Amino acid sequence: MTSRHRDPESGQRAFLRRVLAEGSNRLGVTLTGEPVFGWHDRTIGSASLSEDDRFWLRATAEHQDWAHGPAWTGNRDAASISDVPKPTLIARTEWDEGPVCIYVELMTYVPDPPCSPSPELIVSPVLPASWWTDLRAAVDALAMHPTPRGDHDPWALARRVEAFYGRPLDLPETPILRTEHTDLHWANLTRPRLWLLDWEHWGSAPAGYGAAVLYLHSFVVPAIAARVHDVFADVLDAPTGRLAQLSAAAHILDRAARSGDYPTLVSPVRAYAARLIQPAGRH
């Protein structure tokens, strides 16, 4: 009698495992350990070996209509950034399996685990004072790298944020844009040594956007949220920092509505955004 239970290795995960294996053959490394799947099974990664050297192999696939633009070249575009603690791109291979485009990247291996298994913080991590100093230094160093990636029209960005909230906002006269890691959440930061992971979506954004993302992803653990705010108070409390926080909140709330993400963050983030959009003097 044929079992009606679905094979757990069928579908997207089985496809990604095959893609990762093909990438390891093309790049001349041997996969080791159990693969790790990314957000909604978009990506797959695994430790790998070449002779005595350890690496991280990461693969993703997109429909050919979406396999272009900044997200497709994020790690490659970040290769020139050397003063921020991040994995280094060693090699990359691409191929098509119509209608899907695939790339596999070989990165230097980061031995330190993420601060959280999920983007939003649930349990408070133990982080030394030096970790926070290193984080601020990394964000400031990244801001000094001009890039054509991301937003470069602050008013277009402001209009999108106003459209999301359905009302005009009291925004700064001249929003400041700078280079940010726009996915700076707790699953993309490691400890005890700090590394910034996942460079698909870095680029120009409102000054303080990375800090805003991290701050909002910390709301379930108020003590850590307060520490993030203290470390980045000068940018978060600046006029452009308010735009950065409203933009980061819109991203979280939109993802929650579209994909069911962030069940623990929706309520506090929505309440915080409501306070931010009040006119000055009415908070």
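Being a predicted model, the structure only gives us computed values, none of them experimental. (Residues numbered from 1 in each chain as written. Predicted model: local features only at pLDDT ≥ 70, side-chain atom pairs only at ≥ 80, totals over all residues. Heavy atoms only, no water.)

Novice: So what's going on with the side chain of Glu 200? Residues and values would help.
Specialist: Within the element layout of this structure, Glu 200 appears in the loop between strand E6 (177-180) and strand E7 (203-206). Side chain to side chain, Glu 200 and Arg 58 meet in a polar contact 3.4 Å long. Excluding anything up to four places from it in sequence, Glu 200 contacts Arg 42, Arg 58, Pro 70, Ala 71, Gly 74, Tyr 103 and Arg 149. (Helix = DSSP H or I, 4+ residues; strand = E, 2+ residues; numbered from the N terminus. Polar contact = N/O pair within 3.5 Å; in protein donor to acceptor, adjacent residues only side chain to side chain. Contact = heavy atoms within 4.5 Å.)

Novice: Before we move on, can you summarise the sheet that holds strand E1 (residues 30-37) with the specific residues and values?
Specialist: Within the open sheet, the five strands sit side by side as E1-E2-E3-E5-E4. Their pairing is antiparallel. Looking at which strands have only one partner, the edges of the open sheet turn out to be E1 and strand E4 (89-97). Pairwise comparison of adjacent strand axes, ignoring direction, gives a mean angle of 20 degrees for this sheet. In terms of strand pairing, strand E3 (residues 53-63) meets strand E5 (residues 100-108) through nine bridges, oriented antiparallel. Bridge pairing links Ala 59 to Val 104 in E5. Here helix H1 (residues 11-27) sits on the sheet in contact with E1, strand E2 (43-50), E3, E4 and E5, set at roughly 125 degrees to E4. (Pairing = 2+ DSSP bridges. Axes fitted to C-alpha atoms, helices over the stretch in contact; angles between N-to-C directions.)

Novice: Hey, could you go over H1 for me, with residue numbers and the actual values?
Specialist: With 17 residues, H1 should reach 24 Å at 1.5 Å per residue; the first-to-last C-alpha distance of 25 Å fits that figure. The complete set of buried residues in H1 reads Leu 16, Val 19, Leu 20, Gly 23, Ser 24 and Leu 27. Seen along its axis, H1 keeps its buried residues to an arc of 140 degrees; they face one direction. Facing away from the buried side of H1 by over 90 degrees, the exposed positions are Gly 11 and Asn 25. Next to the buried residues of H1 lie E1, E2, E3, E4 and E5. (Expected span 1.5 Å × (residues − 1). Buried < 20%, exposed > 50% of the residue type's maximum accessible area, 1.4 Å probe, protein only. Arc of directions from axis to C-beta.)

Novice: Tell me what's going on with a nonpolar patch on the surface, and back it up with residues and numbers.
Specialist: A contiguous nonpolar surface patch, about 250 Å² in accessible area, is contributed by Ile 122, Val 123 and Val 220. Assignment of secondary structure puts Val 220 in the loop between helix H5 (209-216) and helix H6 (222-231). (Patch = residues over 30% accessible without salt bridge, like charges linked within 9 Å, V, L, I, M, F, W, Y side chains within 5 Å. Areas by Shrake-Rupley, 256 points an atom, 1.4 Å probe, with all protein chains shown as cover. Salt bridge = Lys/Arg side-chain N within 4 Å of Asp/Glu carboxyl O.)

Novice: Account for the packing of aromatic side chains, with residues named and values stated.
Specialist: The tally for this structure, following the rule as stated, stands at ten aromatic pairs. Ring centres 6.2 Å apart and planes at 65 degrees place the aromatic pair Trp 199 and Trp 202 in the edge-to-face group. Residue Trp 199 is classed as buried on the basis of its relative accessible area of 1%. An angle of 90 degrees between the planes, with centres 5.1 Å apart, marks the rings of Tyr 215 and Phe 219 as edge-to-face. Of the two residues, Tyr 215 and Phe 219, both sit in the buried class. (Phe/Tyr/Trp six-rings, centres within 6.5 Å; stacked < 30°, edge-to-face > 60°.)

Novice: An account of the packing of helix H8 (residues 239-259) against helix H9 (residues 266-276) is requested, with residue identities and associated values reported.
Specialist: As a packed pair, H8 and H9 sit with axes 10 Å apart at the nearest point and diverge in direction by 145 degrees. Note on packing geometry: the crossing formed by H8 with H9 is left-handed. Together, Arg 242, Gln 245, Leu 246, Ala 249, Ile 252, Leu 253 and Ala 256 of H8 and Val 266, Val 269, Arg 270, Tyr 272, Ala 273 and Leu 276 of H9 make up the contact between the two elements. (Left-handed = near helix turned anticlockwise from the far one by under 90°.)

Novice: Report on the pairing of E5, specifying residues and quantitative values.
Specialist: With seven of nine residues buried, E5 is to be regarded as a mostly interior element. Across eight bridges, E4 lies against E5 in antiparallel orientation. Residue Glu 97 lies in a different strand from E5, and its bridge partner there is Val 100. Here E4 folds back onto E5 in antiparallel fashion, the turn holding two residues.

Novice: For the nonpolar core, give the residues involved together with the corresponding values.
Specialist: Core analysis: the biggest nonpolar cluster contains 60 residues, and Trp 186 and Leu 189 have the highest contact counts within it. Looking at this core, the elements with two or more residues in it are helix H3 (129-143), helix H4 (154-165), H5, H6, helix H7 (233-236), H8 and H9. No other element matches the nine residues that H8 contributes to this core. Once residues within four sequence positions are removed from consideration, Leu 189 is found in contact with Pro 113, Pro 114, Cys 115, Trp 131, Leu 135, Leu 184, Leu 194, Trp 195, Leu 196 and Leu 214. Counting residues in hydrophobic clusters, the runner-up holds 15 residues, among them Leu 16, Leu 27, Ala 59 and Ala 61. (Core = buried A, V, L, I, M, F, W, Y, C linked by side-chain atoms within 4.5 Å.)

Novice: Which residues make up the pattern of salt bridges, and what are the values?
Specialist: Tallied over the full model, the rule gives 18 salt bridges. Arg 193 is paired through a salt bridge with Asp 112; the nearest N and O atoms lie 3.1 Å apart. Taken together, the residues Arg 193 in the loop between E6 and E7 and Asp 112 in the loop between E5 and H3 connect sequence positions 81 residues apart. The partly exposed category is assigned to Arg 193, whose relative accessible area is 47%. Arg 178 serves as the salt-bridge partner of Glu 180, at 2.7 Å between the closest nitrogen and oxygen. Of the two residues, Glu 180 and Arg 178, both sit in the buried class. Residues joined by salt bridges that share partners form a network here, namely Arg 42, Arg 58, Glu 62 and Glu 200.

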